[in-house]
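What the coordinates show
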Number of protein chains: 2
Amino acid sequence: MNAQMMQQPLLISSLLVHAERHHGDQQIVSRRVEGGIHRYTYRDMAARARRMAKAVAALGVESGQMVGSLAWNGYRHLELYYAISGSGAVLHTLNPRLHADQVSWMANHAEDQVLFFELSFLPLVEAVISELKSVRHFVVMTDREHMPSTHKIPGLLCYEELIDAQDDHYTWPQFSEETASSLCYTSGTTGNPKGALYSHRSTLLHAYAGALPDSLNCSARDVIMPVVPMFHVNAWGLPYICALVGAKLVFPGANLDGKSLYELIESEQVTMAAGVPTVWQGLLTHVNSVRGRFSAMTRTVVGGSACPPAMLQTFIEKYDVQVVHAWGMTEMSPLGTVCTFKTKHLDMDKESQYAVLSTQGRPLFGIELKLIGAGGEEVPHDGKTPGELMVRGPWIISSYYKSESTAAHKDGWFATGDVSTIDPDGYMQITDRSKDVIKSGGEWIGSIDLENIAMSHPSVAMAACIAARHTKWDERPLLLVVTKPGHTLTSEEMLAFYEGKIAKWWTPDDVLFVDSIPLGATGKMQKNLLRDRYQDHLLAAA
Amino acid sequence: MNAQMMQQPLLISSLLVHAERHHGDQQIVSRRVEGGIHRYTYRDMAARARRMAKAVAALGVESGQMVGSLAWNGYRHLELYYAISGSGAVLHTLNPRLHADQVSWMANHAEDQVLFFELSFLPLVEAVISELKSVRHFVVMTDREHMPSTHKIPGLLCYEELIDAQDDHYTWPQFSEETASSLCYTSGTTGNPKGALYSHRSTLLHAYAGALPDSLNCSARDVIMPVVPMFHVNAWGLPYICALVGAKLVFPGANLDGKSLYELIESEQVTMAAGVPTVWQGLLTHVNSVRGRFSAMTRTVVGGSACPPAMLQTFIEKYDVQVVHAWGMTEMSPLGTVCTFKTKHLDMDKESQYAVLSTQGRPLFGIELKLIGAGGEEVPHDGKTPGELMVRGPWIISSYYKSESTAAHKDGWFATGDVSTIDPDGYMQITDRSKDVIKSGGEWIGSIDLENIAMSHPSVAMAACIAARHTKWDERPLLLVVTKPGHTLTSEEMLAFYEGKIAKWWTPDDVLFVDSIPLGATGKMQKNLLRDRYQDHLLAAA
């Protein structure tokens, strides 16, 4: 029997209507690519988003068609978030940090009809324009005054002129909440990028869950700065969450150095900032150098990769800024878990609290987690037994864009490719990538733990632990070490260093000293190359 | 174009699965009708809910069928919330405070198949049993030891025996999120009660929105006591919200006196309690008499009717407990607005803050508000112009149960029957019931304001203001006053008291002194009776 409740679809445009109506005076502040600070309100933004929705329709974009963006975090990008998705088209946020070939591949694969880009990305667009097959219009996200005087793009359009040509009399269309709203590609180490096609429903449920007290804890009293780019999984959903709760938004634009961020945080009285550890490292270095403090910031959300323990301690102890660990994936909209305390943790000593804060946290309601062990069985949430992390929920992809393959899925669950543990309180901790974990005699050994211990040795500059083939145990850990200049270290000393720190059977079978370890474009160790080269080392030695 | 996201329906059972898995050790504490305190965990509760789901199926209850409850706030009622709705049947929470004739009318109208009731309600069930047409099984919510030795109910079943007869191997069924989950009737002053039939979807969206920082702000660190009954609009959604966030739940059972509540609040370290002003009055009186304080409670949620200013001040200033005004209706699941500050209010003086806190607050995202003026036009949100409050959203009824009439709806909006203002920041304040507002020459005069002013006169015990018919202005305010014993007051003195306090044209046309004002069962003035009697007074006087 169906209930008798109103059938109101969950639509992104309703966030904008809500923010305009109930938080019309709330500010949106942006550092502009053209220089200076831009400041306006949700009311202004909503009116301009309506004008842009009309402008995009006037360019011939229809419902369900793709519109690409190459842009930093700023008010015009925010307008596109609402104008494109709200009108029934799909915003495809392109990652300008990828290789030009990948950028054109994604634009073609998505069949982008219009490409919006910021001045900074004119050279990139010029470099790929001959490759782009579907784009009919190119729009520079600036005003007439700042339009490039010379360029190689035929019929180049100006964002502000598009806006000026329209009035703001526009009613957001109503449609199914399952409708696609936005598209974001994720790029692995191999193969072409893969697209996650989000819906209005998934975006709104994610925004509700993301704003909860045990998630990012967002209210109308917050001033929120997404440093995480809007081209990277919708800036973790913050452009939607802020409208939902009526928070002030502060966009840093293109300058993500410590000095620029710190000035904006202080001048706009930011209460919460969200980004990756490398950005926070730059911020902390600058604040330390000017002996600054944070006068309004109460917390920083750290995602992308784990927050180094020293950074966590510095934020908390030196600056009284709470660190909130968040974990997710492009395929998950992205939020899966957030680390906040339970009551039992409140009275713990500092070290125990740090141990909790260093985990990836508990799942938001809506996200289900389970762990699959080496034998394919579900393993217990005991905080010790590792398993491949599987996730399920209404803001997780069912398949990649333009693919019907559910290769990444099993029984309706999405395989994250991470190996992790979950403790009885629900706190999840990633211990490895599933392709890096060492499968020794049916048991798993986490490579990250072994590397972290090695790197804490005073003579070690870098260490990688890989699975090496073994006649008896299938795989055993092999440690590759780069020593610090001027230091000497023997295999025996290195292996002895593990004593008492791990289970004895986890100890690597051998240590190889190498000159360097190959790193990828994002700074991650390329273990696949190491495996190709060294995986038979133990067989050869035997 | 549809997105490629997982199709996960929003189901009540998923709240339970989440709470069991990630907050399994969290406590649920209940004061039992049988005496003493009962204490167990979400893990225990989930297992018993699964057993009860099997027990109800064994009684022959099918998907979509109704199961009635007559119960206080306690763990067994909570089990029914999850067992009945989770299994695809519908929990119909009956209000035992209504007249016996209404109780049997509702059970028959809903076609309840099974009736669960607590020991306290045995006499009520015995009184109506001959009227009940659909109920096939009666279950007392107690154990064998406490089963009534003599009673008039054939085949009376025992709750704990039903549980004991089942194991907990049960998988919650998956079905459409539009499926009906629970039913609650609202009783007006005239006519039969009307049912609001909630869905799994509406319940879950309401729970997400209700837990937000600017709503009830619920986290896993909270200890939440719903004093508002579980038979009254699902205790404002708290049984769902607490599972969603993993909060400790404290149920007061049948004893809602100040002493019982205070003991439980202190012994269980309640951080938030939710209820109506009359309950808080009893609590404050007791705490004052024992010179107590609240050692953990940070806030109290007040709904049902407006919190009197003196109570608001006492909570905040004397006890350092924040007062959170919430407004809603049975037809709205119930939450519509909650009163929390914006940044601009944080530095205001106390009086200005109290003025904000005395409003009904801002709408949760999902709920839209608009005001319709006397002429049917939408009126501005200026904080001054009153209009009939219309609401829209996914947790508002589309029609009443077993009725296809949308008489209460207009263009997809539900007419609340309240007259209110909304200020530019979105804060809504109810000024009258639409049937009580005085329509004078096309303008509206709020009766509540006029009554409040009259009641602040030292000689006035009670005052009611009604619309009296008028030849020129259609309607004009007529004030009915009961003076305090030993006080004398003239019409002239009473009317002079309004000078400077309201717009001159709002001043009542006349004052009638009466011996008493009729009150209904819930303590509200029965203005319809007063209108019947006095509405022609001004015509007669003219």
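Residues numbered from 1 in each chain as written. Chains lettered and ligands numbered in written order. Predicted model: local features only at pLDDT ≥ 70, side-chain atom pairs only at ≥ 80, totals over all residues. Heavy atoms only, no water.

**Describing the overall build of chain A**
Quick reminder of the rule: Under the scheme used here, helices are H or I runs from DSSP no shorter than 4 residues and strands are E runs no shorter than 2 residues, and both carry numbers assigned from the N terminus. Only C-alpha atoms enter the radius of gyration, while the globule expectation follows 2.2 Å times N to the 0.38, with N the number of residues. Type-normalised accessible area, obtained with a 1.4 Å probe on protein chains alone, sets the label of each residue: buried when under 20%, exposed when over 50%, and partly exposed for intermediate values. The contact criterion used throughout is that any non-hydrogen atoms of two residues lie within 4.5 Å. With residues, only the protein chains shown are counted as cover, and all accessible areas are computed by Shrake-Rupley using a 1.4 Å probe. Think of it this way: Lys and Arg go in the positive column, Asp and Glu in the negative one, and His and the chain ends go nowhere. For the purpose of locating charges, the reference atoms are NZ of Lys, CZ of Arg, CG of Asp and CD of Glu.
Each helix and strand counted, chain A has 16 helices and 26 strands in total. Taking 24 Å as the expected radius of gyration for a compact globule of 542 residues, we find that chain A reaches 25 Å, a close match to that expectation. When its C-alpha atoms are laid out on the principal axes, chain A stretches across 75 × 65 × 55 Å. The burial tally for chain A puts 61% of its 542 residues in the buried class. Looking at chain A alone, contacts between residues at least 24 apart form 66% of all its contacts between residues at least 6 apart. Per element, the accessible surface of chain A, about 20700 Å² overall, is 50% carbon and sulfur. For chain A, the distance from the average position of its 46 positive side-chain charges to the average position of its 58 negative side-chain charges is 2 Å.

**Examining the sheet that holds strand E5 (residues 112-117) of chain B**
All names here are of chain B. To keep it simple, the criterion reads: For two strands to pair, DSSP has to find at least two bridges joining them. Fitted lines through C-alpha atoms serve as axes, helices being fitted only where they are in contact, and the angles separating the N-to-C directions of these axes extend from 0 to 180 degrees.
On the basis of which strands lie adjacent, the open sheet formed by seven strands has the order E7-E6-E5-E3-E4-E8-E9 and mixed pairing. Each having just a single partner strand, strand E7 (157-158) and strand E9 (194-199) make up the two edges of the open sheet. As judged from the four bridges shared by strand E3 (residues 66-70) and strand E4 (residues 90-93), these two strands associate in the parallel manner. Its bridge partner being in E4, Gly68 is matched across the sheet by His92. Against the sheet, helix H4 (residues 100-110) makes contact with E3, E4, E5 and strand E8 (180-186), and its axis sits at roughly 150° relative to E8, the strand it touches most.

**Thoughts on unusual backbone geometry**
The peptide bond linking A:Ser333 to A:Pro334 adopts the cis configuration, its omega dihedral lying at 5°. Along the chain, A:Pro334 turns up in the loop between strand E14 (322-328) and strand E15 (335-338). Of note, the phi angle at A:Val233 is positive, near 50°, even though the residue is not glycine. Within the chain, B:Asp320 stands out as a residue other than glycine whose phi angle is a positive 55°.

**Some points on the relation of the copies chain A and chain B**
Note the threshold: When the copies are overlaid, the least-squares fit takes in C-alpha atoms only where the residue has pLDDT of at least 70 in both copies.
Expressed as a screw operation, the relation of chain A to chain B combines 0.0 Å of axial shift with a rotation of 180°, fitting to an RMSD of 0.2 Å. Expressed as an axis order, the relation between the two copies is that of a two-fold axis. Proximity to the rotation axis, assessed at the C-alpha, singles out A:Leu212 in chain A; its C-alpha lies 2.5 Å from the axis. Most of the interface of chain A is mirrored in chain B, where 100% of its interface residues again form contacts.

**Focus: the packing of aromatic side chains**
All names here are of chain A. Note the cut-off: Each pair of aromatic rings taken from Phe, Tyr and Trp, with Trp reduced to its six-membered ring, is defined by centres within 6.5 Å and is described as stacked if the planes are under 30 degrees apart, edge-to-face if over 60, and tilted in the remaining cases.
Under the counting rule described, the total for this entry stands at 27 aromatic pairs over all chains. Ring geometry for Trp72 versus Phe121: centroids 5.1 Å apart, planes at 40°, classification tilted. In this pair, Trp72 is assigned in the loop between strand E3 (66-70) and helix H3 (75-86) and Phe121 in the loop between strand E5 (112-117) and helix H5 (122-128), connecting sequence segments 49 residues apart. Considered together, Trp72 and Phe121 belong to a single accessibility category, that of buried residues. Ring centres of Tyr170 and Trp172 lie 5.1 Å apart, and the angle between their planes is 85°; on these two criteria the pair is classed as edge-to-face. According to the relative accessible area criterion, Tyr170 is partly exposed, its value standing at 23%.

**Quick word on the interface of chain A and chain B**
So the rule is basically this: Accessible area that two parts lose when put together, evaluated with a 1.4 Å probe and summed over both, is termed the buried area. We define a salt bridge as a contact between a side-chain nitrogen of Lys or Arg and a carboxyl oxygen of Asp or Glu at a distance within 4 Å. By the criterion applied in these results, polar contacts are pairs of N or O atoms within 3.5 Å in which, for protein atoms, one can donate a hydrogen and the other can accept it, and in which residues neighboring in sequence qualify only through two side-chain atoms. Note on residue classes: Ala, Val, Leu, Ile, Met, Phe, Trp, Tyr, Cys and Pro are nonpolar, Asp, Glu, Lys and Arg are charged, and everything else, Gly too, is polar.
Chain A puts 81 residues into the contact, and the matching count from chain B is 81 residues. Each partner contributes to the roughly 6200 Å² buried at the junction of chain A and chain B, and carbon and sulfur atoms together form 55% of this total. Three residues stand out in chain A for area buried against chain B, namely A:Gln4, A:Met6 and A:Phe365, and they jointly supply 15% of the buried area on that side. Across the pair A:Glu378 and B:Arg21 runs a salt bridge, and its minimum N-O distance is 3.2 Å. On inspection of chain A and its partner chain B, the count reaches 40 residue pairs in polar contact (both at pLDDT 80 or more). Broken down by secondary-structure element, the contributors of at least two residues to the side of chain A that touches chain B are helix H1 (12-22), strand E9 (194-199), helix H7 (200-211), helix H8 (238-245), strand E16 (362-363), strand E17 (368-372), strand E18 (387-392) and strand E20 (413-422) of chain A. The element that contributes the greatest number of residues to the side of chain A that touches chain B is H7(A), accounting for seven residues. Looking at the side of chain A that touches chain B, its residues break down into 40 nonpolar, 26 polar and 15 charged.

**With respect to the pairing of strand E2 (residues 37-41) of chain B**
Residues and elements named next belong to chain B. Inspection of the sheet shows strand E1 (residues 27-31) paired to E2 by five bridges, in the antiparallel sense. Pairing of Ile28 across the sheet is with Tyr40, part of E2. The loop that links E1 with its antiparallel partner E2 comprises five residues; one of these, Gly35, has a positive phi angle of about 105°.

**Quick notes on helix H11 (residues 309-319) of chain A**
Residues and elements named next belong to chain A. Rules: To obtain the arc, one takes the directions from the helix axis to the C-beta atoms.
Restricting attention to buried positions, one finds in H11 the residues Met311, Leu312, Phe315, Ile316 and Tyr319. Along H11, the residues classed as buried sweep out an arc of 125° about the axis, all on the same side. The exposed residues of H11 that point more than 90 degrees off its buried face are Pro309, Ala310 and Lys318. Packing partners of the buried residues in H11 comprise helix H10 (277-289), strand E13 (299-302), E14 and helix H12 (350-357). In the stretch just after H11, Asp320 is the one whose phi turns positive, near 55°.

**Details of the pattern of salt bridges**
One pass over the full model with this rule turns up 56 salt bridges over all chains. In this structure, the salt-bridge partner of B:Asp214 is A:Arg221, at a minimum N-O distance of 2.8 Å. Of this pair, B:Asp214 sits in the loop between helix H7 (200-211) and strand E10 (223-226) while A:Arg221 is found in the loop between H7 and strand E10 (223-226), placing the two residues in two different chains. Looking at B:Asp214, the relative accessible area reads 12%, which means it is buried. When salt bridges that share partners are traced, they join A:Glu34, A:Arg48, A:Arg76, A:Glu79 and A:Glu160 into one network.

**Points about the environment of B:Thr41**
Residues and elements named next belong to chain B. Here Thr41 lies in strand E2. We classify Thr41 as buried; its relative accessible area is 17%. When the C-alpha positions of Thr41 and Gly441 are compared, they lie 61 Å apart, and in sequence the two are 400 residues distant. Within the structure, Thr41 has its side chain in polar contact with the backbone oxygen of Gly24 (distance 3.3 Å).

**Looking at the side chain of A:Asp436**
Inspection of the secondary structure assignment puts A:Asp436 in the loop between strand E21 (428-433) and strand E22 (438-440). For A:Asp436, the residues in contact, after removing those within four places along its chain, are A:Ser447, A:Lys527 and A:Arg531.

**So, the confidence of the model for chain A**
Here is the rule we go by: On a range of 0 to 100, pLDDT expresses the predictor's confidence in each residue.
Per-residue confidence for chain A gives a mean pLDDT of 94, with 99% of residues at or over 70. Taken over the whole predicted complex, pTM reads 0.92, whereas the ipTM for its chain interfaces reads 0.91.

**What about the sheet that holds E2(B)?**
All names here are of chain B. Pairing within the open sheet is mixed, and its nine strands lie in the order E2-E1-E11-E10-E12-E13-E14-E15-E16. Edge positions in the open sheet fall to E2 and strand E16 (362-363), since each of these has one partner strand only. Pairing analysis gives two bridges linking E10 to strand E11 (residues 248-251), with the strands arranged parallel. Counted as the bridge partner of Ile224 is Leu249 from E11.

**A short note on the environment of B:Asp25**
Along the polypeptide, B:Asp25 turns up in the loop between helix H1 (12-22) and E1. The exposure class of B:Asp25 is partly exposed, given its relative accessible area of 42%. Between the C-alpha atom of B:Asp25 and that of B:Gly246, which follows or precedes it by 221 residues, the distance is 9.5 Å. If we ignore the near neighbours within four places in the chain, the residues touching B:Asp25 are A:Asp425, B:Thr41 and B:Arg43. Among the polar contacts listed, one links the side chain of B:Asp25 to the side chain of B:Arg43, at a separation of 2.9 Å.

**Observations concerning the nonpolar core**
Heads up, the rule is: Residues grouped as a nonpolar core are buried Ala, Val, Leu, Ile, Met, Phe, Trp, Tyr and Cys residues, joined through side-chain atoms within 4.5 Å.
By size, the foremost hydrophobic cluster in this structure holds 247 residues, and its most contacted members are A:Tyr82, A:Phe116, B:Tyr82 and B:Phe116. Filtering out sequence-adjacent residues up to four positions away, B:Tyr82 remains in contact with B:Ile12, B:Leu15, B:Leu16, B:Met45, B:Ala49, B:Ser87, B:Trp172, B:Pro239, B:Tyr240 and B:Ala243.

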